[in-house]
Each structure stands twice: as structure tokens, then as C-alpha cells.
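Here is what each chain is made of, one letter per residue.
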Amino acid sequence: MGENTKIEWADHTFNPWVGCTKVSPACDHCYAEGWAKRAGRDVWGSGKPRQRTSVANWRQPIKWNAEAARTGTRPRVFCASLADVFDNEVPAQWRADLLQLIRDTPHLDWLLLTKRIGNAARMLDEAAELMDSGMGVWAPSVFPHVWIGATVVNQEEAERDIPKLLRVPAAKRFLSLEPLLSSVIVFSLDGPLDVPEGFKSPIDWVIVGGESGPGARPMLPDWVRSFREQCASADVPFFFKRWGDWLHSSQGAYGGPASAWQWEDGEPFTGKEGDRGGMGLFKRSGKALAGRLLDGRTWDEVPA
């Protein structure tokens, strides 16, 4: 639960506890819920007790921090892949303990990604008040190595949650559009951006990715290209994680039985239909074959 990670945009994952409740379309096919069930942990859903991880697991970031200090590197730590830091059903003292651990590991960049960004500012203040060091209030100046991120997967979530993210004091703010479920416009949203005084950039990083696993939903290449262009125009680093399980016919994904294909609108492909007004097809290829190339290259931009 605290380890080197296969997640492309992080160097380590750390889970201070496990368990969560689904709150977004992004959660529909949650891999962490499947992991919990396979592990025999009844920690998913409202009213289910979350489980704090072991003392040994909590020592892992201390080791990473010492190694980073020795090598002069700044590993990125994704917290938490099997939970949500700002889950209402997590005891406030656990978050205070996490903040203390984060403060004690200044050579790591901590990425707190949430689907509950509306809770973040309040819960950070509560945790700071409970910390052993007695901070009293959350302050990015004390935590310059913490990045706060929000998951948004469609336009509705973007318009609802990005203003909330911008109101959270943070050294860096980022968006994760994974799984990207529709075309999303972020950098030309109507209305002023509520950016706290002293912060240069409202959004510092964008991650985009497709879905994999049982029930995975396809992602159109044009949705991804649109976001890449939005980031370029706004001078925001763009990280493309992967396509997920599906490849689009425009990407040269041909061959295989008709049962491996579906139309863009989700209708099954039988191989007998004629042209459907220029609509393309998706082929379920698996994430390894689909890969993470966009227009012939990878996009691994990260903030300085």
C-alpha cells in the first residue's frame, strides 16, 4: 500500500487507510472497490468503517524522504489510490496524522487527489488544528510540497468542482480527467476564476486518461486532442496517461472479430451495417495494446 507505483504520473503511492463511497460517474467501475472485495475488506460504501493501514506502511514515506534527500530528487507521491483523503467517513485525527507525516517528509511532493474537493479546505483546517505540532490552520507556506487535485470527468463536474478547487489554498493545483467521459472545456469556462491572492496560476497541471477493466467506457481521440490544445493555449503542462481498453478506428485499430467492436454511440457492431454518417468505431484492445501514444508520441509534461 506504500510502494513504487505503475501509475505513470507518480513515483510512489501511499494509502494511509482504505475504503470509500462512490460519489461520481468516475467511480462506476472503481478498481479499488474490486480490490477491496477480492481482499475480503468490507470497507466500501456509506456507513462502512474505513481501515487504517499498518504502522510499517506509515513508515514507508519516511524511507522515501531519506532517499530523496540523499539523491537530491523529488519523488511524487499519490495519496490515496485506495481511498479519498477528504472522505466524510474518515476520522479527522487520521487526516491530522497524515498532515504530520507530510510535514515530516519535505523532500517528497505529495499529490492529494480527491472526488470531494468541496470538503478539502475545511478538512485541511481541521487536520491542521489537530496536528501534534499545533499549526492551527492549513497554510501552503508550511506545505509547499503538497499539490491538491480534483477529479472531473465531464463538463458538469468541471463547472461544479473547478471553482471549488481554486478556492483551496495550495502550492499547486491539478486536474485529473480520468476516465474522461466526454468532451470538456476548462480553460474557457464562463465567469471569473476565484484565485486566492498570491497564487500565479489557477491550474498548474492536467492529467487525462481513459478507462480500463470490466465495463470500461471508450474515450474519443478528439476529446483528448481538445484538452491538449486547451493546455497548450493556457501554458499548462499536459500529461496523457493512457487510452484505456479501447482504440478508435481513426487510430488504425483494424482487424479482429466484429464482437470486439462497437460504434461511437455504444451500439454493437455486427459487420453488416453500412456507413453511419461518418461515425467511427471502437475496438476493445486492452490497455497494454492501446498504449499511451497520442499522435505518435507520449505527453509527459509536469510542473516545474
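Higher on the page you've got the structure.
The notes below deal with the structure included here. (Residues numbered from 1 in each chain as written. Predicted model: local features only at pLDDT ≥ 70, side-chain atom pairs only at ≥ 80, totals over all residues. Heavy atoms only, no water.)

### Re the overall build of the chain
Next up, step 1: When helices and strands are counted, the chain shows 7 helices and 13 strands.
Next up, step 2: The C-alpha atoms of the chain give a radius of gyration of 20 Å, which matches the 19 Å a tight globule of 304 residues would have.
Next up, step 3: Across its three principal axes, the chain shows a C-alpha extent of roughly 70 × 45 × 40 Å.
Next up, step 4: Sequence-distant contacts in the chain: of pairs separated by 6 or more residues, those separated by 24 or more amount to 77%.
Next up, step 5: Of the roughly 13,800 Å² that the chain leaves accessible, carbon and sulfur atoms contribute 52%.
Next up, step 6: Put simply, the chain has 36 plus and 39 minus side-chain charges, and the middle of one group is 6 Å from the middle of the other. (Helix = DSSP H or I, 4+ residues; strand = E, 2+ residues; numbered from the N terminus. Rg over C-alpha atoms; globule rule 2.2 N^0.38 Å. Contact = heavy atoms within 4.5 Å. Areas by Shrake-Rupley, 256 points an atom, 1.4 Å probe, with all protein chains shown as cover. Lys, Arg positive; Asp, Glu negative; His and termini not counted. Charge placed at Lys NZ, Arg CZ, Asp CG, Glu CD.)

### Structural notes on the side chain of D161
Next up, step 1: Looking at the element boundaries, D161 is found in helix α5 (residues 155-166).
Next up, step 2: At 2.9 Å, the side chain of D161 and the side chain of R160 are in polar contact. (Polar contact = N/O pair within 3.5 Å; in protein donor to acceptor, adjacent residues only side chain to side chain.)

### Side note on the packing of aromatic side chains
Next up, step 1: Tallying each qualifying case throughout the model produces 15 aromatic pairs.
Next up, step 2: When the ring of W17 is compared with that of W94, the centres are 5.8 Å apart and the planes differ by 40 degrees; the resulting orientation is tilted. Here W94 lies in helix α3 (residues 92-103) and W17 lies in strand β3 (residues 17-18), a separation of 77 residues in the sequence.
Next up, step 3: For W17, a relative accessible area of 0% translates into the label buried.
Next up, step 4: Ring pairing ties together the aromatic residues W9, F78, W147, F174, W205 and F239, which thus form one cluster.
Next up, step 5: Above the face of the W58 ring, R52 is positioned so that its terminal group lies 4.2 Å from the ring centre.
Next up, step 6: For R297, the ring lying beneath its charged end belongs to W299, and the centroid distance is 3.6 Å. (Phe/Tyr/Trp six-rings, centres within 6.5 Å; stacked < 30°, edge-to-face > 60°. Buried < 20%, exposed > 50% of the residue type's maximum accessible area, 1.4 Å probe, protein only. Lys NZ or Arg CZ within 6 Å of the ring centre and 35° of its normal.)

### Structural notes on the packing of α3 against helix α4 (residues 117-130)
Next up, step 1: Closest axis-to-axis distance for the α3/α4 pair is 8 Å, and the angle between their directions is 75 degrees. Taken together, α3 and α4 sit at an angle that is classed as roughly perpendicular. Mapping the contact onto sequence places A92, Q93, R95, A96 and L99 in α3 and M123, L124, A127, A128 and L130 in α4.
Next up, step 2: Classifying every residue of the contact of α3 with α4 gives 8 nonpolar, 1 polar and 1 charged. (Axes fitted to C-alpha atoms, helices over the stretch in contact; angles between N-to-C directions. Parallel < 35°, antiparallel > 145°, perpendicular 65-115°, else oblique. Nonpolar A, V, L, I, M, F, W, Y, C, P; charged D, E, K, R; others polar.)

### Thoughts on α3
Next up, step 1: Between its terminal C-alpha atoms α3 stretches 17 Å, which fits the 16 Å expected from 12 residues at 1.5 Å a residue.
Next up, step 2: The set of residues buried in α3 consists of W94, R95, A96, L98, L99, Q100, L101 and I102. (Expected span 1.5 Å × (residues − 1).)

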